[in-house]
Structures are given as structure tokens and as C-alpha cells.
Amino acid sequence: MAPNMANAFGILGNVVSFLVYLAPVPTFHSIFKKKSTEGFQAIPYAVALFSAMLYLYYAFLKKNGMMLITINTFGCTIEVVYLAIYMIYATKESRVFTTKLILLLNVSSLGLITLCTFYFAHGLLRVNIVGWICAVFSVAVFVAPLSIMRQVVRTKSVEYMPFTLSCFLTLCAVVWFFYGFLIKDYYIATPNILGFVFGLAQMMLYLVYKNDSMCRNQQIQPAEGDSSKDGDDNHHQQKSSSNNQEVEVVVVN
């Protein structure tokens, strides 16, 4: 019974994680149409690629890791596509920074982890070491939204914290927790407890401050009778603010 439930949660986790990985598609469609990255940063996508590659390595080391292999293979593929599109349309400065970041995370760091664990650890010890590294990295990523939550409290605006994405990420954390718990893989289960807590906190903050954001948006609408120029200027300012919004990609495992 437990293996069947674990497989069910694994399949559900793959479906939800698949949707989370596809969340930035509208952003990159916009980048493709405008032929410009317009202030978006590549950091979340490089981090997501590193996480997917790290968990893929862990999945190949452990027994019955097929559920992790499928979703993280897709994760590696889609993040490479995102980064390729970004590199095509980014400025020269952004391309140089992104290249250095990819070399640091996905070549140097991952290569060092792979070589050290391959040559200096064997069998179950190797699995445990890589599992601990995955868990620690996941905790660090789950803590990252604290900066966004602090911004929401300070500005009383939920503009940069989409409720739908927070909801899916919370659901993702719940599903992968139960999957890890049922297969007794606490390197997967434990970090997702923190992911659930922070996801729930984000949704609660959204519900608390969404009315303030709506009122603020209504106040900045051009008053009736304003010149079309003022309206165009206001629209341009709002559009620029939207374009500078950084899309958060949270690691799934």
C-alpha cells in the first residue's frame, strides 16, 4: 500500500513541478517578442538548473529514483532553454555575468561535488553525502523568499508575489514531502517542511495586503479629464515597473 501511495505522490509531484517549471514561459515569450530581457535577471534560472542537475545526480545514486529523474531531466531541459533565450537577447554585460554564474554553479560547483563524492565516498556514504548537500541547498532556496516577504510587508504591496505561483509552490512542497516521507527519504521530505511553511506564509501575506495593493492601483489611475499625455506617461511608468519585475523561480525536487 505504501509503495503505491508513494508512486501516486511521485506522479502528482511530477505534474505540479512540471507546471511550476513552465511558469516563466510568458516571461520568455515576452522577451522573445521584444528582443530584449528588459531588466530581468538570469540568477533564478541558473540556480534552478543547478538544483535540477544536483538532484538528478542524487537520483541516479539512490535506488528507485525514477520519479526524481523524470522531473529533474525536464527541469534541466527547460532551464537550459530559458537561459539560451536569455543569453540571445541579454546585453553584453548581462551575458558575461550569466556566463560566469553558470560556470561557477553548474560547472565548477557541481563538478567539484561530483568528483569529490565519486572518488572519496562509496556506496551508501556517497548517497548520504549527496543527499545532505541537496537538502542544505533546498533549505537555502526555500529561505530565499524571505526577501520578497520583507518587501511585501515594507511596501504593503503584493505586486511581486503572485498568489497562483505561491499556491502551486506550496502544493509542490506538500506533495514532495509525502513522497519523501513514504519512501523514507528524509533528504527530500525534510526541506519541503520549510517550503510548506514559507509557502503558506506567502499566501497569508498576499491575503493580508492584496486590498492595500488594489486601493493603491486605483489611486494611481489618471483622474477623469486628465490629458491623454498624462495618461500615457502614467501607463508608461506602470509598464516600466512591470517590466522590471523579477520572476522568481523556486527550486522543486
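Residues numbered from 1 in each chain as written. Predicted model: local features only at pLDDT ≥ 70, side-chain atom pairs only at ≥ 80, totals over all residues. Heavy atoms only, no water.

1. As for the nonpolar core
Where we set the bar: Residues belong to a common nonpolar core when they are buried Ala, Val, Leu, Ile, Met, Phe, Trp, Tyr or Cys residues joined through side-chain atoms within 4.5 Å. Relative accessible area decides the class of each residue, using a 1.4 Å probe on protein chains only: under 20% of the type maximum gives buried, over 50% gives exposed, and in between gives partly exposed. Starting at the N terminus, helices and strands are each numbered in turn, a helix being any DSSP run of H or I of at least four residues and a strand any DSSP run of E of at least two. Residue contacts are counted whenever heavy atoms from the two residues lie within 4.5 Å of one another.
Phe28, Phe50, Leu54, Tyr58, Leu68, Cys134 and Trp176 are the most contacted members of the largest nonpolar core, which totals 42 residues. The element that contributes the greatest number of residues to this core is helix H3 (residues 43-61), accounting for 11 residues. Ignoring anything within four residues of it in the chain, the contact list for leucine 54 reads Leu110, Ile113, Ile133, Cys134 and Phe137. Counting residues in each nonpolar core, the second largest holds 8 residues, with Val152, Met161, Leu205 and Tyr209 among its members.

2. Brief notes about the packing of aromatic side chains
Heads up, the rule is: Between 30 and 60 degrees the pair is tilted, below 30 it is stacked and above 60 it is edge-to-face, where a pair is any two Phe, Tyr or Trp rings, Trp via its six-membered ring, whose centres lie within 6.5 Å.
Tallied over the full model, the rule gives 15 aromatic pairs. Ring geometry for tryptophan 132 versus tyrosine 187: centroids 5.6 Å apart, planes at 65°, classification edge-to-face. Residue tryptophan 132 is located in helix H6 (residues 123-143), and its partner tyrosine 187 is located in helix H9 (residues 186-219); the two are separated by 55 residues in the primary sequence. When the ring of phenylalanine 177 is compared with that of phenylalanine 178, the centres are 5.2 Å apart and the planes differ by 70°; the resulting orientation is edge-to-face.

3. Here's the deal with helix H5 (residues 92-120)
Filter applied, for reference: In this analysis, the expected span of each helix is defined as 1.5 Å times one less than the number of residues it contains. At every residue, the bend is computed as the angle between two fitted axes, covering the seven residues ending there and the seven beginning there respectively.
Its 29 residues place the ends of H5 40 Å apart at the C-alpha level, agreeing with the 42 Å of an ideal helix rising 1.5 Å per residue. The largest bend in H5 amounts to roughly 30° and is located at leucine 103. Within H5 the residues assigned to the buried category are Thr98, Leu101, Leu105, Asn106, Leu110, Ile113 and Thr117. Along its buried surface, H5 packs onto H3, helix H4 (66-89) and H6.

4. Things to note about the packing of H3 against H5
Applicable threshold: Axis definition: a line fit to C-alpha positions, over the contact stretch in the case of helices; interaxial angles, taken between N-to-C directions, run 0 to 180 degrees. Angle categories are assigned with fixed cut-offs, so that under 35 degrees is roughly parallel, over 145 is roughly antiparallel, 65 to 115 is roughly perpendicular, and the rest are oblique. Take the far helix as the reference: if the near one is turned anticlockwise from it by less than a right angle, the crossing is left-handed, and if turned clockwise, right-handed. Ten residues, namely Ala, Val, Leu, Ile, Met, Phe, Trp, Tyr, Cys and Pro, are considered nonpolar, four, namely Asp, Glu, Lys and Arg, are considered charged, and the remaining ones, Gly among them, are considered polar.
Running from amino to carboxyl end, H3 crosses H5 at an angle of 15°, the nearest separation of the two axes being 10 Å. Looking at the two axes, H3 sits roughly parallel to H5. When you trace H3 past H5, the crossing you get is right-handed. Counting all contacts with H3, which are made through Ile43, Ala46, Val47, Leu49, Phe50, Met53, Leu54 and Tyr57, the residues of H5 involved are Phe97, Leu101, Leu105, Asn106, Ser109, Leu110, Ile113, Thr114, Thr117 and Phe118. Across the contact of H3 with H5, the residue classes tally to 14 nonpolar, 4 polar and no charged.

5. Focus on the UniProt feature "transmembrane region" (unreviewed entry) in the chain
For clarity, the threshold we go by: UniProt positions are given in the numbering used here, feature names are shortened, and annotations may be inferred rather than shown by experiment.
What UniProt calls "transmembrane region" (unreviewed entry) maps, in this numbering, to residues 6-28, 40-60, 66-89, 101-121, 127-148, 160-182 and 188-209. Across residues 6-28, helical content stands at 87% and strand content at 0%; the span's end C-alpha atoms are separated by 34 Å. Between the end C-alpha atoms of residues 40-60 there is a gap of 33 Å, over a span that is 86% helix and 0% strand.

6. Considerations on a nonpolar patch on the surface
As a reminder, the rule being used: Exposure above 30% relative accessible area and the lack of any salt bridge qualify a residue for a patch; like charges then connect within 9 Å, and the nonpolar side chains Val, Leu, Ile, Met, Phe, Trp and Tyr within 5 Å. Per-residue and other accessible areas were derived by the Shrake-Rupley procedure at a 1.4 Å probe size, with only the shown protein chains allowed to occlude residues. One speaks of a salt bridge when a side-chain nitrogen belonging to Lys or Arg is within 4 Å of a carboxyl oxygen belonging to Asp or Glu.
Where nonpolar side chains cluster on the molecular surface, the patch consists of Ile11, Leu12, Val15, Phe18, Leu19, Phe168 and Leu171 and spans about 580 Å² of accessible area. Every element with two or more residues in the nonpolar patch is listed here: helix H1 (2-21) and helix H8 (163-182). No other element matches H1, which puts 5 residues into the nonpolar patch. Among the secondary structure elements, leucine 171 is positioned in helix H8.

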